[in-house]
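The residues making up each chain are set out below.
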Amino acid sequence: MRAVARGAWWAEAWVQAMNRLAARKATRAKPAAGFVSQPEPRTIGLYARGKQLVAGNFLFAGHLIEAPGAEIWDIARPGPAFEAELQGFGWLDDLAAVGDPAARKRAQDWTFGWIDRYGRGDGPGWSPDLTGRRLIRWINHAILLLGGQDRDRALAYYSALSHQTVFLSRRWQVASPGLPRFEALTGLIYAGLALIGMEAHVDPAAAALARECEREVDAEGGIPTRNPEELLEVFTLLTWAAQALTDAGRLVPPSHLAAIERIAPTLRALRHADGGLARFHGGGRGLEGRLDHALASSGVKPAPVGGLAMGFTRLSAGRSSVIVDTALPPGGEAEASAHASTLAFELTSGRRPLIVNCGNGAPFGADWHRASRATQSHSTLSIDGFSSSRFAHDRREVLEDRARITLLRQSHDAEAHLLLAGHDGWRGTHGLVHLRDLSLTADGRRLDGTDMLVADTPADKDRLQAVLRRTGGDIGFALRFHLHPDADAEIDMGGAAVSVALRSGEIWVFRHDGQAVMTLEPSVYLEKGRLMPRAARQIVLAASLQDFQARIGWTLAKAQDTPLAIRDIDREEPPSRP
């Protein structure tokens, strides 16, 4: 294990050294004299976050640094993720969203401060993915950055853009496959089209991006990480690159366009009724408006998705959407971010999430990241002390023992949308298979569920009996239904039900068949852009298995609609402070 870690460290150190060397060599290239045409901004920022930046509150990667009046490059960096967000310049979008003189001054001062400090190949920002991300923002916000600048500063800006473009042309290949490489190549295409004298980089970059589309985007429009938010980021980059090529009068490679056409219906299937993405495998809801904007920009017309969407099953009726994880957790390089979420689901009613998964704990540290990947952090069944997929035995933080789908049937009739699925995540440890049967009524007002643990083969029964002998005759398990923090829940009907009130005025009632002990317990909701996890609650049905089968039935039904006098349109802007 130590030898593997040491080898990985040396490999990363070598790549970083070669990146710095390439960056310094790139500074010898002849700079561009200006733009071919005036760039149009495509990225979307948040006004609230921009105002916080102007005030000197730097919130990145779950850390807040309060430094009013400070240069952004002088503040302390709590960790690599914080540094990466600074070096990627995504914050330029937020300052541009404010757009007043104070925001413009900070955007200009901090950008030219980067050029003075790091522009000659120094610092941690010279990786292909961060450089691609940075180029896109600099070009998008050129008008903001160059307004009122003198000739010397404008030349410094164009020189820095040119050096980064040349660097990318030589080093994009070392970006990790997936989103980092898509960022690098899109940035290279952007810069090659925008800058005078950089046109020679466009065709090789466009051809490379097309090859990445063929390699990384599967036939169903999914990517290896199975992270819906990451899929949206890839899709956004591909639509930007395609639009830039089209605007320049160039042909977009067929495989590039085909990838966009495959991804669009998959994203629509992964979008809840409120417009946010399902939160699985490290992904969040997505920036407000980003999904709708990307889908509209793509020009791909809505079309039904037959079967799975990147391994997820969607049940949708009335105002309700249910999205279920019905595939093997990601493997390969994606194992390090995969969650043990097989058969977990989320439910949204109208514009209000109801049942959720806890989310991605990575912004809050290694312990939160590990905990957030456990089955107990998802709305599904878990056996006490065991996730359905488990980490490698050599202490690597990768899911090596992964649950496989053993049964998957989806159907619908005039009365309901139906799903029956099963996985074997505990077959090796307990001889048990988890089966989940879901039924969403045609009006979307009621979700019925049955969860079972079954030992169905002679070998499974032998293994289960051996475990029961070791544990004293029973195996504890629980069904968890994590509630969104805006949902107000309380035990009702003398302990027989839980009433859940949404801010829209809707009330949903959760009941079960009496085969478990129901409690309302603390939970957390993990989302980027906050200092701490948000407090939430979860409905827990706890029971024990003492034979070859255990079964729990439950229902979640809407008891009260949104009052007609209320238009449920008020939504919080994603926070810039807790």
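Refer to the preceding data block for the structure.
Residues numbered from 1 in each chain as written. Predicted model: local features only at pLDDT ≥ 70, side-chain atom pairs only at ≥ 80, totals over all residues. Heavy atoms only, no water.

Engineer: Got a minute to help me understand the overall build of the chain in this structure?
Structural biologist: In terms of helices and strands, the chain carries 16 helices and 20 strands. Considering only C-alpha atoms, the chain reaches an extent of 80 × 65 × 45 Å along its principal axes. In the chain, buried positions account for 55% of the 578 residues. A separation of at least 24 residues holds for 69% of the contacts in the chain among residues at least 6 apart in sequence. (Helix = DSSP H or I, 4+ residues; strand = E, 2+ residues; numbered from the N terminus. Buried < 20%, exposed > 50% of the residue type's maximum accessible area, 1.4 Å probe, protein only. Contact = heavy atoms within 4.5 Å.)

Engineer: Explain the side chain of Thr375 to me, please; I cannot follow it from the model alone.
Structural biologist: Its location among the elements puts Thr375 in the loop between α14 (366–372) and β7 (381–383). Polar contacts involving the side chain of Thr375 include one to the main-chain carbonyl oxygen of Ala340, which spans 2.9 Å. Contacts of Thr375, omitting those with residues within four sequence positions, involve Ala340, Thr380, Leu381, Ser382, Ser387, Ser388 and Ser389. (Polar contact = N/O pair within 3.5 Å; in protein donor to acceptor, adjacent residues only side chain to side chain.)

Engineer: Looking at this structure, how should I read the pairing of strand β6 (residues 352–356)?
Structural biologist: On any regular strand, side chains alternate: one points to one face of the sheet, the next to the other face. Among the 5 residues that make up β6, 5 are buried, leaving the element largely enclosed by the rest of the structure. As paired strands, strand β5 (residues 345–349) and β6 are joined by 3 bridges and run antiparallel to one another. By the bridge assignment for β6, Leu347 is matched with Ile355. The hairpin turn running from β5 into β6, its antiparallel successor, is 2 residues long, and Gly350 in that turn takes a positive phi close to 60 degrees. Pairing analysis gives 2 bridges linking β6 to strand β14 (residues 475–483), with the strands arranged antiparallel. Paired with Ile355 across the strands is Leu483, a residue of β14. (Pairing = 2+ DSSP bridges.)

Engineer: What should I look at first to understand the pattern of salt bridges in this one?
Structural biologist: One side chain can pair with another of opposite charge once the charged atoms of both are near each other. Throughout the structure, instances matching the rule amount to 30 salt bridges. Arg181 is the salt-bridge partner of Glu212, the closest N and O atoms lying 3.2 Å from each other. With Glu212 in helix α10 (residues 202–216) and Arg181 in helix α9 (residues 179–194), this residue pair connects regions lying 31 residues apart in the sequence. You'll find Glu212 and Arg181 in the same group, each marked buried. Residues Lys558 and Asp561 are paired through a salt bridge, measuring 3.5 Å at the closest nitrogen-oxygen approach. The exposure class of Lys558 is buried, given its relative accessible area of 10%. By relative accessible area, which is 36% here, Asp561 ends up partly exposed. Here the salt bridges share partners, and the residues they tie into one network are Arg319, Arg445, Glu506, Lys558 and Asp561. (Salt bridge = Lys/Arg side-chain N within 4 Å of Asp/Glu carboxyl O.)

Engineer: Help me out: how do you make sense of the nonpolar core in this one?
Structural biologist: The nonpolar side chains of a soluble globular protein tend to be buried with one another. Ranked by size, the top nonpolar core spans 98 residues in total, and within it Phe35, Trp91 and Tyr157 carry the most contacts. Sort the elements by how many residues they give to this core and helix α11 (residues 228–247) lands first, with 11 residues. Look past the residues within four positions of Phe35 in its chain and what remains in contact with it is Ile139, Ala142, Leu146, Tyr157, Tyr158, Leu161, Ala194, Leu195 and Ile196. (Core = buried A, V, L, I, M, F, W, Y, C linked by side-chain atoms within 4.5 Å.)

Engineer: What's the story with the packing of aromatic side chains in this structure? I'm lost.
Structural biologist: We describe a pair of aromatic rings using the distance from one ring centre to the other and the angle between the two ring planes. As enumerated under the stated definition, the model contains 23 aromatic pairs in all. Judged by centre distance (5.4 Å) and plane angle (65 degrees), the rings of Tyr157 and Tyr158 are edge-to-face. Across the pair, exposure class does not vary: Tyr157 and Tyr158 are buried alike. Considering the side-chain rings of Phe345 and Trp554, the 5.9 Å spacing of their centres and the 5 degrees angle between planes classify their relative orientation as stacked. Of this pair, Phe345 sits in strand β5 while Trp554 is found in strand β20 (residues 549–560), placing the two residues 209 residues apart along the sequence. Given the relative accessible area of 0%, Phe345 is considered buried. The side chain of Arg226 reaches across the aromatic face of Phe312, ending 4.4 Å from its centre. The ring of Phe548 has Lys461 lying over it, and the distance from NZ or CZ to the ring centre is 5.3 Å. (Phe/Tyr/Trp six-rings, centres within 6.5 Å; stacked < 30°, edge-to-face > 60°. Lys NZ or Arg CZ within 6 Å of the ring centre and 35° of its normal.)

Engineer: How do you make sense of unusual backbone geometry when you look at a structure like this?
Structural biologist: Most of the time, phi is negative for any residue but glycine, and the peptide bond is trans. With a phi angle near 50 degrees, His281 is a residue other than glycine that sits in the positive phi range. The topology assignment puts His281 in the loop between α12 (254–269) and α13 (290–298). On the basis of relative accessible area, His281 is assigned to the buried category, the value being 1%. Despite not being glycine, Leu343 shows a phi value in the positive range, around 75 degrees. You can see Leu343 is positioned in the loop between β4 (320–325) and β5.

Engineer: Honestly, the packing of helix α3 (residues 80–88) against helix α6 (residues 128–140) in this entry has me stumped. Any pointers?
Structural biologist: For any two helices packed against each other, one specifies the inter-axial angle together with the distance between the axes. Relative to each other, α3 and α6 sit at 40 degrees, their axes nearing to 8 Å. From α3, Ala84, Gln87 and Gly88 reach across to α6, where they touch Leu130, Arg133, Arg134 and Arg137. Here the residues of the contact of α3 with α6 are counted per class, giving 2 nonpolar, 2 polar and 3 charged. (Axes fitted to C-alpha atoms, helices over the stretch in contact; angles between N-to-C directions. Nonpolar A, V, L, I, M, F, W, Y, C, P; charged D, E, K, R; others polar.)

Engineer: So what exactly am I meant to see when it comes to α6 here?
Structural biologist: Since the α-helix advances by 3.6 residues per turn, residues separated by three or four positions end up pointing in the same direction. The terminal C-alpha atoms of α6, which comprises 13 residues, lie 18 Å apart, in line with the 18 Å expected from a rise of 1.5 Å per residue. Among the 13 residues in α6, 12 count as buried, and that is most of the element. Within α6 the residues assigned to the buried category are Pro128, Asp129, Leu130, Thr131, Gly132, Arg134, Leu135, Ile136, Arg137, Trp138, Ile139 and Asn140. (Expected span 1.5 Å × (residues − 1).)

Engineer: Could you clarify how one ought to interpret empty space enclosed by the protein in this entry?
Structural biologist: Empty space among the atoms can be located by rolling a probe the size of a water molecule over them. Considering all chains together, one arrives at 2 cavities of 30 Å³ or more under this definition. Here the largest cavity is characterised by a volume of approximately 50 Å³. Among the elements of the structure, β5 and β6 are those that each provide at least two residues to the lining of the largest cavity. Of the residues in the lining of the largest cavity, the class split is 4 nonpolar, 3 polar and 3 charged. Roughly 30 Å³ of internal volume is contained in the second largest cavity. (1 Å grid on protein atoms, 1.4 Å probe; cavity = no way out; pocket = protein on both sides within 12 Å on 5 of 7 lines; lining within 4 Å. Points joined across faces, edges and corners; volume = space filled by probe spheres on them.)

Engineer: Is there a simple way to explain the sheet that holds strand β17 (residues 507–512) in this structure?
Structural biologist: Backbone-to-backbone hydrogen bonds join strands into a sheet, with any given pair of strands oriented parallel or antiparallel. Strand order across the open sheet formed by 8 strands is β10-β11-β12-β13-β20-β17-β16-β15, with antiparallel pairing between neighbours. Two strands lie at the open edges of the sheet, namely β10 (405–412) and β15 (488–492), each paired on one side alone. Here the strands of the sheet are splayed against their neighbours by 15 degrees on average, with no regard to which way each runs.

Engineer: Where do I start with the pairing of strand β2 (residues 63–66) in this structure?
Structural biologist: Sheet topology places strand β1 (residues 57–60) next to β2; 4 bridges connect them, and they run antiparallel. The residue of β2 that forms the bridge with Leu59 is Leu64. The loop that links β1 with its antiparallel partner β2 comprises 2 residues; one of these, Ala61, has a positive phi angle of about 50 degrees.

Engineer: Please clarify how the environment of Arg137 should be interpreted in this entry.
Structural biologist: Take Arg137: it is sitting in helix α6. Taking relative accessible area as the criterion, Arg137 reaches 10% and is therefore assigned buried. Linking Arg137 and Phe89, residues 48 residues apart in sequence, is a C-alpha distance of 6.5 Å. Ignoring sequence-local partners within four residues, the contact set of Arg137 consists of Thr43, Gly88, Phe89, Gly90, Leu92, Asp93 and Arg290.

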